[in-house]
Amino acid sequence: AVVSTQSTGLYHLTLQRASSIYNCVHGNFAGTKQQEVVVGRGKVLEILRIDPNTGKVIQLFSTEVFGTIRSITPFRLTGGSKDYIVVGSGSGKINNLEYHT
């Protein structure tokens, strides 16, 4: 008697990122006295800047998070020169983020 055991492995991979922007805030996140825009696209958080010479949008940073982004809010510490990002997730947790160039 021949015994064959096969195990099925499942792998989930998103082939195309979300294109709709659900959340958007602006602030001075890099500390360079230029305005950046933080956008939330479902599970992806991006920091964008507009090039003053060409007028085109430049992506500074992009990362996929382990949940759904429900809210984004900028805040600045008293006497600080740069803004921080508060991200609220679908599970009700909040995270304080700082962008380093």
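Let us look at the structure shown here. Remember, it's a predicted structure, so these values are computed and weren't measured experimentally.

Glancing now at a nonpolar patch on the surface. On the surface, Tyr-11, Leu-13 and Leu-15 cluster together into a nonpolar patch covering about 460 Å² of accessible area. Among the structural elements, Leu-15 can be located in the segment before β1 (23–27). You can call Leu-15 exposed: its relative accessible area is 81%.

On to the nonpolar core, then. Of all hydrophobic cores here, the largest spans eleven residues; its members are Val-25, Phe-29, Ala-30, Val-38, Leu-45, Ile-47, Ile-69, Ile-72, Ile-85, Val-87 and Tyr-99. Residue assignment for this core shows that the elements contributing at least two residues are β3 (44–50), β5 (69–75) and β6 (84–89). For Val-87, the residues in contact, after removing those within four places along its chain, are Leu-45, Ile-69, Ser-71, Lys-93, Ile-94, Asn-95 and Leu-97.

What follows covers unusual backbone geometry. For Lys-33, which is not glycine, the phi dihedral falls at a positive 60°. Relative to the helices and strands, Lys-33 is located in the loop between β1 and β2 (36–41). Classification of Lys-33 by relative accessible area gives exposed; the value is 80%.

The rules we used
- Residues numbered from 1 in each chain as written.
- Predicted model: local features only at pLDDT ≥ 70, side-chain atom pairs only at ≥ 80, totals over all residues.
- Heavy atoms only, no water.
- Patch = residues over 30% accessible without salt bridge, like charges linked within 9 Å, V, L, I, M, F, W, Y side chains within 5 Å.
- Areas by Shrake-Rupley, 256 points an atom, 1.4 Å probe, with all protein chains shown as cover.
- Salt bridge = Lys/Arg side-chain N within 4 Å of Asp/Glu carboxyl O.
- Helix = DSSP H or I, 4+ residues; strand = E, 2+ residues; numbered from the N terminus.
- Buried < 20%, exposed > 50% of the residue type's maximum accessible area, 1.4 Å probe, protein only.
- Core = buried A, V, L, I, M, F, W, Y, C linked by side-chain atoms within 4.5 Å.
- Contact = heavy atoms within 4.5 Å.

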